[in-house]
Amino acid sequence: MPFRLSILDKCPRQPEETSQQALQNSLALARLAEQAGFYRYWIAEHHNTPALASPSPEIVLAWLAAQTKTLRLGAGGVMLQRYSPYKVAENFHLLAAIAPGRIDLGVGGRARRGDAFTD
């Protein structure tokens with residue numbers, strides 16, 4: 001039985017790069033993954049981390065969905081304790097309408113509540 005390969009992208013940003021450049025790198029990787037036959041491309045959620053450019057995976061997913069055709073796209077760990085679960089469900093329902101059959105929602109719960117900047 002064949003297995004499916006996926007990528008988990010944290011949208012890393014090198015010190016000399018802007019967030020825009022990091023996101024363009026993620027787009028290039030997603031396109032390459034689609035061409036290579038990967039099954040899913042996950043975007044991780046990280047806050048208050050200068051080295052990562054993905055604090056809002058649902059926005060990145062909408063952008064990637066508009067620029068890919070077949071790749072499944074997902075959030076690798078939306079931290080439900082930080083948001084209204086209803087709003088998360090609405091956002092992913094909307095994403096599923098934009099890219100039918102291509103959107104996955106992963107939820108997480110291990111993240112601490114936050115810090116002085118994100119609480």
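Residues numbered from 1 in each chain as written. Predicted model: local features only at pLDDT ≥ 70, side-chain atom pairs only at ≥ 80, totals over all residues. Heavy atoms only, no water.

- Under the annotation held in an unreviewed UniProt entry, the protein carries the name MsnO8 family LLM class oxidoreductase and is attributed to Rosenbergiella gaditana.
- Annotation of the protein in UniProt includes, under Sequence similarities (unreviewed entry), the sentence "To bacterial alkanal monooxygenase alpha and beta chains." (UniProt positions renumbered as here; feature names shortened; annotations may be inferred.)

1. Overview of the nonpolar core
Most often, soluble globular proteins keep nonpolar side chains buried together rather than apart.
Reasoning step 1: Counting 22 residues, the largest nonpolar core has Tyr41, Ile43, Leu61, Leu64, Leu73 and Phe92 as the members making the most contacts within it.
Reasoning step 2: For this core, the secondary structure elements donating two or more residues are helix H1 (19-36), strand E2 (40-43), helix H2 (57-67), strand E3 (72-79) and helix H3 (85-98).
Reasoning step 3: Apart from the residues within four sequence positions on either side, Leu61 is in contact with Ile43, Leu73, Gly74, Ala75, Phe92 and Leu95. (Core = buried A, V, L, I, M, F, W, Y, C linked by side-chain atoms within 4.5 Å. Buried < 20%, exposed > 50% of the residue type's maximum accessible area, 1.4 Å probe, protein only. Helix = DSSP H or I, 4+ residues; strand = E, 2+ residues; numbered from the N terminus. Contact = heavy atoms within 4.5 Å.)

2. A word on the packing of H2 against H3
Reasoning step 1: Packing of H2 against H3 leaves a shortest axis separation of 10 Å and a crossing angle of 5°. It follows from the interaxial angle that H2 and H3 lie roughly parallel. On the side of H2, the interface is formed by Glu58, Leu61 and Ala62, while H3 contributes Asn91, Phe92 and Leu95.
Reasoning step 2: For the contact of H2 with H3, the class distribution of residues is four nonpolar, one polar and one charged. (Axes fitted to C-alpha atoms, helices over the stretch in contact; angles between N-to-C directions. Parallel < 35°, antiparallel > 145°, perpendicular 65-115°, else oblique. Nonpolar A, V, L, I, M, F, W, Y, C, P; charged D, E, K, R; others polar.)

3. Points about unusual backbone geometry
Reasoning step 1: If you check the backbone angles, Cys11 has positive phi at about 55° while not being a glycine.
Reasoning step 2: Locating Cys11 in the fold gives a position in the loop between strand E1 (6-9) and H1.
Reasoning step 3: At Asn48, a position not held by glycine, the phi torsion is positive, near 55°.

4. Remarks on the pattern of salt bridges
Reasoning step 1: Taken as a whole and assessed by the stated rule, the structure comprises two salt bridges.
Reasoning step 2: Here Arg40 makes a salt bridge to Asp104, at a shortest N to O gap of 2.5 Å. Taken as a pair, Arg40 in strand E2 and Asp104 in strand E4 (residues 103-108) lie far apart in primary sequence, 64 residues in all. In terms of burial, Arg40 and Asp104 fall into one category: buried.
Reasoning step 3: Residue classification places Asp104 among the buried residues on the basis of a relative accessible area of 13%. (Salt bridge = Lys/Arg side-chain N within 4 Å of Asp/Glu carboxyl O.)

5. Describing the pairing of E2
Reasoning step 1: Where E1 and E2 come together, four bridges link them in parallel fashion. Considered in E2, the bridge of Ile7 is made with Tyr41.
Reasoning step 2: The parallel pair E1 and E2 is bridged by H1, and the resulting crossover is right-handed.
Reasoning step 3: Bridge analysis of E2 against E3 gives four bridges, and the strand direction is parallel. By the bridge assignment, Trp42 is partnered in E3 with Gly74.
Reasoning step 4: Each parallel crossover has a hand, and for E2 linked through H2 to E3 it is right-handed. (Pairing = 2+ DSSP bridges. Right-handed = clockwise from strand over helix to strand, strands pointing away.)

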